[in-house]
Amino acid sequence: MNINPKLYHTLSWTWGIIMTIIGACAAAFLSATGHKAQKHGGAIYYEVGKKPWGGVSLGQYFFCSPGATKHTKDHEFGHSLQNCVWGPLFPFVIAIPSFIRCQKFNSNIRKGIPNEEDYYAIWFEKQASEWGEKMADQWPNN
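Basis of the calculations
Residues numbered from 1 in each chain as written. Predicted model: local features only at pLDDT ≥ 70, side-chain atom pairs only at ≥ 80, totals over all residues. Heavy atoms only, no water. 1 Å grid on protein atoms, 1.4 Å probe; cavity = no way out; pocket = protein on both sides within 12 Å on 5 of 7 lines; lining within 4 Å. Points joined across faces, edges and corners; volume = space filled by probe spheres on them. Nonpolar A, V, L, I, M, F, W, Y, C, P; charged D, E, K, R; others polar. Helix = DSSP H or I, 4+ residues; strand = E, 2+ residues; numbered from the N terminus. Contact = heavy atoms within 4.5 Å. Patch = residues over 30% accessible without salt bridge, like charges linked within 9 Å, V, L, I, M, F, W, Y side chains within 5 Å. Areas by Shrake-Rupley, 256 points an atom, 1.4 Å probe, with all protein chains shown as cover. Salt bridge = Lys/Arg side-chain N within 4 Å of Asp/Glu carboxyl O. Pairing = 2+ DSSP bridges. Axes fitted to C-alpha atoms, helices over the stretch in contact; angles between N-to-C directions. Parallel < 35°, antiparallel > 145°, perpendicular 65-115°, else oblique. Left-handed = near helix turned anticlockwise from the far one by under 90°. Core = buried A, V, L, I, M, F, W, Y, C linked by side-chain atoms within 4.5 Å. Buried < 20%, exposed > 50% of the residue type's maximum accessible area, 1.4 Å probe, protein only.

**Considerations on the layout of surface pockets**
Right, on to step 1. Of the pockets and cavities examined, the largest pocket occupies roughly 610 Å³.
Right, on to step 2. Around the largest pocket sit 27 residues that line it, and G55, E76, S98, C102 and Y119 are the ones nearest its centre.
Right, on to step 3. When its residues are assigned to classes, the lining of the largest pocket shows 14 nonpolar, ten polar and three charged.

Shown next as structure tokens:
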């Protein structure tokens, strides 16, 4: 995956507009409640909550726990890149399956059941991490 910032923003607000609009609404709410927008790669993100919980990507925006690792931010940015590629199919092909997978893994952890595979073993999680790691460092975060 190699995408320049102009194309990323164009695709986020056209082909990937469904998730980006949802993310923009969440971002507007968080901004109105005093949360500070930050940038990672081409995405805008907000730190939310008090406990570590990971993150969620909504188009060109993502939301993560305070102090999230670079890996988490890269991963969520990678999902925003996937949104540019999959557009209106993203919720069905990646977002919903990713949410279900995350809930299953977290439920197992709460119950003390070991997860049988690495969370990133499935293609869409692995791809999000790979794309995010590759692209985030190529774009300035300001």
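**Describing the environment of T72**
Right, on to step 1. Within the secondary structure, T72 is located in helix α3 (residues 70-86).
Right, on to step 2. Sequence separation between T72 and S129 is 57 residues; the distance between their C-alpha atoms is 8.2 Å.
Right, on to step 3. When neighbours within four sequence positions are excluded, T72 is seen to be in contact with G54 and G55.

**Regarding a nonpolar patch on the surface**
Right, on to step 1. On the surface, a cluster of nonpolar side chains totalling about 410 Å² of accessible area is made up of W13, I17, I18, I21 and I22.
Right, on to step 2. Position of I21 among the secondary structure elements: in helix α2 (residues 17-32).

**Brief notes about the side chain of N83**
Right, on to step 1. Relative to the helices and strands, N83 is located in helix α3.
Right, on to step 2. When residues no more than four places from it in sequence are discounted, the contact partners of N83 are W15, G16, M19, T20, G59 and F90.

**Digging into the pairing of strand β3 (residues 55-58)**
For a regular strand, the rule is simple: side chains alternate between the two faces of the sheet.
Right, on to step 1. As judged from the four bridges shared by β3 and strand β4 (residues 61-64), these two strands associate in the antiparallel manner. The residue bridging V56 from the neighbouring strand is F63, located in β4.
Right, on to step 2. Remark: two residues form the turn of the hairpin made by β3 and β4, two consecutive strands paired antiparallel; G59 in that turn has positive phi of roughly 65°.

**A word on the packing of helix α1 (residues 5-12) against α3**
Working note: a packed helix pair is described by the angle between its axes plus the distance between those axes.
Right, on to step 1. The N-to-C vectors of α1 and α3 enclose an angle of 70°; their axes lie 8 Å apart at closest approach. Comparing the axis directions of α1 and α3 gives the class roughly perpendicular. Remark: the crossing between α1 and α3 carries left-handed chirality. For the pair formed by α1 and α3, the contact residues are Y8, L11 and S12 on the first element and F77, S80, L81 and C84 on the second.

**Description of the nonpolar core**
Right, on to step 1. With 14 residues, the main nonpolar core has I3, Y8, F62, F77, L81, M135 and W139 as its most contacted residues.
Right, on to step 2. Every element with two or more residues in this core is listed here: β2 (43-47), β4, α3 and α5 (123-136).
Right, on to step 3. Here W139 is in contact with I3, N4, P5, Y8, G41, G42 and F77, once residues within four sequence places are set aside.
Right, on to step 4. Membership of the second largest hydrophobic core comes to ten residues, among which are L58, Y61, F63 and F90.

Just geometry here; none of it tells us what the structure is for.
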